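Examination of the molecular architecture
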There are 2 protein chains.
Amino acid sequence: MQKQVKFDRAIKTKYPEQVVIAIAKDKNGKANPVTLGWTMIASGEPPMMAVALYKGHYSVKCIRHSKCFTLVYPSSDMAKPALFFGSHSGRDIDKLAEFDCKTAPAKKIDSVLLGDAVANFECKLVKQILTGDHIIFIGKVVASHINARRKKRLYTIGPGHKLGPV
Amino acid sequence: MQKQVKFDRAIKTKYPEQVVIAIAKDKNGKANPVTLGWTMIASGEPPMMAVALYKGHYSVKCIRHSKCFTLVYPSSDMAKPALFFGSHSGRDIDKLAEFDCKTAPAKKIDSVLLGDAVANFECKLVKQILTGDHIIFIGKVVASHINARRKKRLYTIGPGHKLGPV
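A brief structural summary.

Rules of the game
Residues numbered from 1 in each chain as written. Chains lettered and ligands numbered in written order. Predicted model: local features only at pLDDT ≥ 70, side-chain atom pairs only at ≥ 80, totals over all residues. Heavy atoms only, no water. Salt bridge = Lys/Arg side-chain N within 4 Å of Asp/Glu carboxyl O. Helix = DSSP H or I, 4+ residues; strand = E, 2+ residues; numbered from the N terminus. Phe/Tyr/Trp six-rings, centres within 6.5 Å; stacked < 30°, edge-to-face > 60°. Buried < 20%, exposed > 50% of the residue type's maximum accessible area, 1.4 Å probe, protein only.

**Describing the pattern of salt bridges**
Residue and element names in this part refer to chain B. Per the counting criterion, the structure on display carries 9 salt bridges over all chains. As a salt-bridge pair, Asp77 and Lys151 come within 3.1 Å of each other at their nearest N and O atoms. With a gap of 74 residues between them, Asp77 in the loop between strand S7 (68-73) and helix H3 (79-87) and Lys151 in the loop between strand S11 (134-147) and strand S12 (155-158) connect regions that are remote in the sequence. When the shortest N-O distance is used, the salt bridge between Asp116 and Lys102 registers 2.9 Å. With Asp116 in the loop between strand S9 (112-114) and strand S10 (119-131) and Lys102 in the loop between H3 and strand S8 (103-105), the pair connects residues that are 14 residues apart, well separated along the chain.

Listed below in structure tokens is the structure:
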């Protein structure tokens, strides 16, 4: 039986929600990571992935500047940096430098990969769409990488940014 | 340590992946459900949700006809109908009639709600974007419903459409 409630309450049934990190360089060449849960695959052939970012976020500027981004599936042992990347702006700080994050240059785009992640997808920006207070960026995947070790993905497992494996 | 692999292999690290059911009526008034994993929230204020559908699917016609859709979070005990809705076309059959699905009319749009679901979101179509071989439909949420009983959401927990709770 269904009962009508406000959206804010209904959307709390979404957990566990996948977490990804989008990384794009700003105009000074600083790679800026942001953690987000609003993401999906958007095409099978060619492969494309989408992320929705709040329109006021610094990452919007970075992706628009670089015209590409890395979409990272963080591993469950990356909860601490993932929470930081999602709750701090990269306008005035170098978020990657705050942690002992292993990075490597991307192969096909001007961005970086995260060494401890489950997977990294290099995406070239192909479309951006304003949807309410967010912007959807669609990237075509031009290179993919996985961790040589089997790791679990990171999820938001409950309200209040509670992160963990499922 | 990351190693470069083909996209098809890298994307297998996506599990568990959330599952939703999108329901829209066709021109004959038949409510047509389709199960999919490519979905995300697309705006906070106003609330919007997005689904990506293969461009050749019957559901594309239904959503374009109705200009609205219900986005359903199926419960983990709906694995059987969810698998069927995702693997059969509604062109020639009434998918909802194949199962003992409790339905109720939506309140604000011309669609139906699924009684056994974790949640139902009534969405008015606001945008559609072609991305590769899929079309992203963006819906503005105009009414939300949750199950009076606490239930677990359904996920694809591994390759081969293995469905279950997490």
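**Let's talk about the packing of aromatic side chains**
Using the criterion set out here, one finds 8 aromatic pairs over all chains in the structure. Taken together, a centroid distance of 5.8 Å and an interplanar angle of 65° make the contact between Phe121(A) and Phe7(B) edge-to-face. With Phe121(A) in strand S10 (residues 119-131) and Phe7(B) in helix H1 (residues 7-10), this pair bridges two chains. Just as Phe121(A) is buried, Phe7(B) falls in that class too. Ring centres of Tyr73(B) and Phe121(B) lie 5.2 Å apart, and the angle between their planes is 65°; on these two criteria the pair is classed as edge-to-face. Taken together, the residues span a long stretch of sequence, with Tyr73(B) in strand S7 and Phe121(B) in strand S10 at a distance of 48 residues. Judged by its relative accessible area of 0%, Phe121(B) falls in the buried class.

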